[in-house]
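Take a look at the letters that make up each chain.
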Amino acid sequence: MLDAVLFVCVGKRSQFGIFLLGQFTLLHFGVKLLHSQPFFYRKSPVDFFRQLWLLRIHNQWIGLANLNENASRQTSAYLRPMWQSYLKGYKSWLLLERSFSGNTIEAYLRDVSKLVQFLDIQQLKLPPGELTLAHFQDFVTYLNELGLDRSSQSRTIAGVKTFYRYLLLEDVLDTDPTEFLDTPRITRKIPEVLTYDEIQQLLAVIDLSKPSGVRNRAMLETLYACGLRVSELINLKISNMHLDIGCVKVIGKSDKERIVPIGEEAAKHIRFYMDGVR
């Protein structure tokens, strides 16, 4: 009788429900629930058993999730301190030997953190020196399952490879397990640029009667004339602007300096902003 009721309630998955829960366990749980929850009396038998089955399945899933979470916590408690000393030295190496900026260093550390997270999920309590090429191939699959595009996957793998090159230089490892790890191929797209008329339309809509408009015009003119990144523009100092000789000194990625020529139109709006607004 219980088989028939469950088949009507949950359709094709009734046999799975019976297998998972057991007829007598489900019936006993249902009777207790009926006596403890008066509002169930208002439901039809079909609705009652459907809700009962789904509730029990939900509780089973929650239990499995908690079990996996607890296991992951135990793995993390053991794994992360194991990697911490290597990451600390790696951070110092990126700063002192490679002269990377703070943002770049954080990006490289995040790449390695993804690898540690993967080991947590797989419950692999392994130090960096015990990972093999097969582990990294599984890690690439994990990145793909996360939904990362090819450029993000390639960027993460490059960061992990840099970490293992550091371990090789520090004689922590004898061989590099990432040496033959393939990275996803990135399809290069032709960049889309604004035309001359579109640039002029963009500059024309700026209201120069407002101080913010004068500032914005100077910023856009500098971006357009010098071909700067936004981060380079906002870090541009007055002391690095040599408008009298038509050039500016720009601090780019990895704190590299370069001299960039600047046009007279951009220099005019910069002077206008500095003399009349700033």
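As the structure is a prediction and not an experimental result, all values here were calculated from the model. (Residues numbered from 1 in each chain as written. Predicted model: local features only at pLDDT ≥ 70, side-chain atom pairs only at ≥ 80, totals over all residues. Heavy atoms only, no water.)

Participant: Mind showing me how you'd approach the overall build of the protein here?
Facilitator: Along the backbone of the protein there are 11 helices and 3 strands. For the protein, the α and β elements follow one another from N to C terminus as α-α-α-α-α-α-α-α-α-α-β-β-β-α. Here the protein holds 278 residues, and the buried ones make up 34% of them. For the protein, long-range pairs separated by at least 24 residues make up 57% of all intrachain contacts whose partners lie at least 6 apart in sequence. Put simply, the protein shows about 18400 Å² of open surface, and 55% of that area lies on carbon and sulfur atoms. (Helix = DSSP H or I, 4+ residues; strand = E, 2+ residues; numbered from the N terminus. Buried < 20%, exposed > 50% of the residue type's maximum accessible area, 1.4 Å probe, protein only. Contact = heavy atoms within 4.5 Å. Areas by Shrake-Rupley, 256 points an atom, 1.4 Å probe, with all protein chains shown as cover.)

Participant: Honestly, unusual backbone geometry in this entry has me stumped. Any pointers?
Facilitator: Phi is mostly negative for residues that are not glycine, and the peptide bonds are mostly trans. Of note in this structure, Q123 is not a glycine but carries a positive phi near 55°. Here Q123 lies in the loop between α5 (102-122) and α6 (133-145). Unusually for a residue other than glycine, D171 sits at a positive phi of about 60°. Its place among the elements puts D171 in the loop between α7 (150-169) and α8 (196-204).

Participant: Honestly, a negative patch on the surface in this entry has me stumped. Any pointers?
Facilitator: A cluster of like negative charges, contributed by E97, E170, D171 and D174, occupies part of the molecular surface. Locating E170 in the fold gives a position in the loop between α7 and α8. According to the relative accessible area criterion, E170 is partly exposed, its value standing at 43%. (Patch = residues over 30% accessible without salt bridge, like charges linked within 9 Å, V, L, I, M, F, W, Y side chains within 5 Å. Salt bridge = Lys/Arg side-chain N within 4 Å of Asp/Glu carboxyl O. Lys, Arg positive; Asp, Glu negative; His and termini not counted. Charge placed at Lys NZ, Arg CZ, Asp CG, Glu CD.)

Participant: I keep staring at the pairing of strand β2 (residues 247-251) and nothing clicks. Help me out?
Facilitator: Consecutive side chains along a regular strand alternate between the two faces of the sheet. Bridge analysis of strand β1 (residues 241-242) against β2 gives 2 bridges, and the strand direction is antiparallel. Counterpart to M241 in the pairing with β2 is V248. (Pairing = 2+ DSSP bridges.)

Participant: Quick question: what am I supposed to make of the pairing of strand β3 (residues 257-261) here?
Facilitator: Across 5 bridges, the pairing between β2 and β3 is antiparallel. Within β3, the position partnered with V250 by the bridge is R258.

Participant: When you look at the environment of R278 in this model, what are you seeing that I'm missing?
Facilitator: Checked against the element boundaries, R278 lands in the segment after α11 (264-276). Since its relative accessible area comes to 63%, R278 is described here as exposed. A C-alpha to C-alpha distance of 8.3 Å links R278 and P211, two positions 67 residues apart in sequence.

Participant: When you look at the packing of helix α9 (residues 211-226) against α11 in this model, what are you seeing that I'm missing?
Facilitator: Any two packed helices are characterised by how steeply their axes cross, that is the angle between the axes, and by the distance between the axes. At a minimum axis distance of 8 Å, the contact between α9 and α11 shows a crossing angle of 150°. As far as their axial angle goes, α11 and α9 are roughly antiparallel. For the element pair α9 and α11, the recorded crossing hand is left-handed. Side by side, α9 and α11 meet where V214, R215, R217, A218, E221, T222 and A225 of the first sit next to E265, A266, H269, I270, F272 and Y273 of the second. For the contact of α9 with α11, the residue count by class is 7 nonpolar, 2 polar and 4 charged. (Axes fitted to C-alpha atoms, helices over the stretch in contact; angles between N-to-C directions. Parallel < 35°, antiparallel > 145°, perpendicular 65-115°, else oblique. Left-handed = near helix turned anticlockwise from the far one by under 90°. Nonpolar A, V, L, I, M, F, W, Y, C, P; charged D, E, K, R; others polar.)

Participant: For this particular structure, what's the right way to read the environment of R188?
Facilitator: Mapped onto the secondary structure, R188 falls in the loop between α7 and α8. The class for R188 is exposed, based on a relative accessible area of 82%.

Participant: Is there a simple way to think about the sheet that holds β2 in this case?
Facilitator: Strand pairing in a sheet relies on backbone hydrogen bonds. The paired strands run either parallel or antiparallel. Spatial ordering of the open sheet is given by β1-β2-β3, a layout of 3 strands whose pairing is antiparallel. On the outer flanks of this sheet lie β1 and β3, each paired with one strand and no other.

Participant: I'm lost on the packing of aromatic side chains in this one. Help?
Facilitator: What characterises a pair of aromatic rings is the spacing of the ring centres plus the angle enclosed by the ring planes. Across all of its chains, the model carries 12 aromatic pairs by this definition. Aromatic pair Y90 and Y166: ring centres 5.6 Å apart, planes at 45°, arrangement tilted. With a gap of 76 residues between them, Y90 in helix α4 (residues 45-96) and Y166 in helix α7 connect regions that are remote in the sequence. Each member of the pair, Y90 together with Y166, is buried. Summarising the aromatic geometry, the rings of F163 and Y164 are spaced 5.5 Å apart at their centres and angled 90° between planes, so their arrangement reads as edge-to-face. (Phe/Tyr/Trp six-rings, centres within 6.5 Å; stacked < 30°, edge-to-face > 60°.)

Keep in mind these numbers describe shape, not what the thing actually does.
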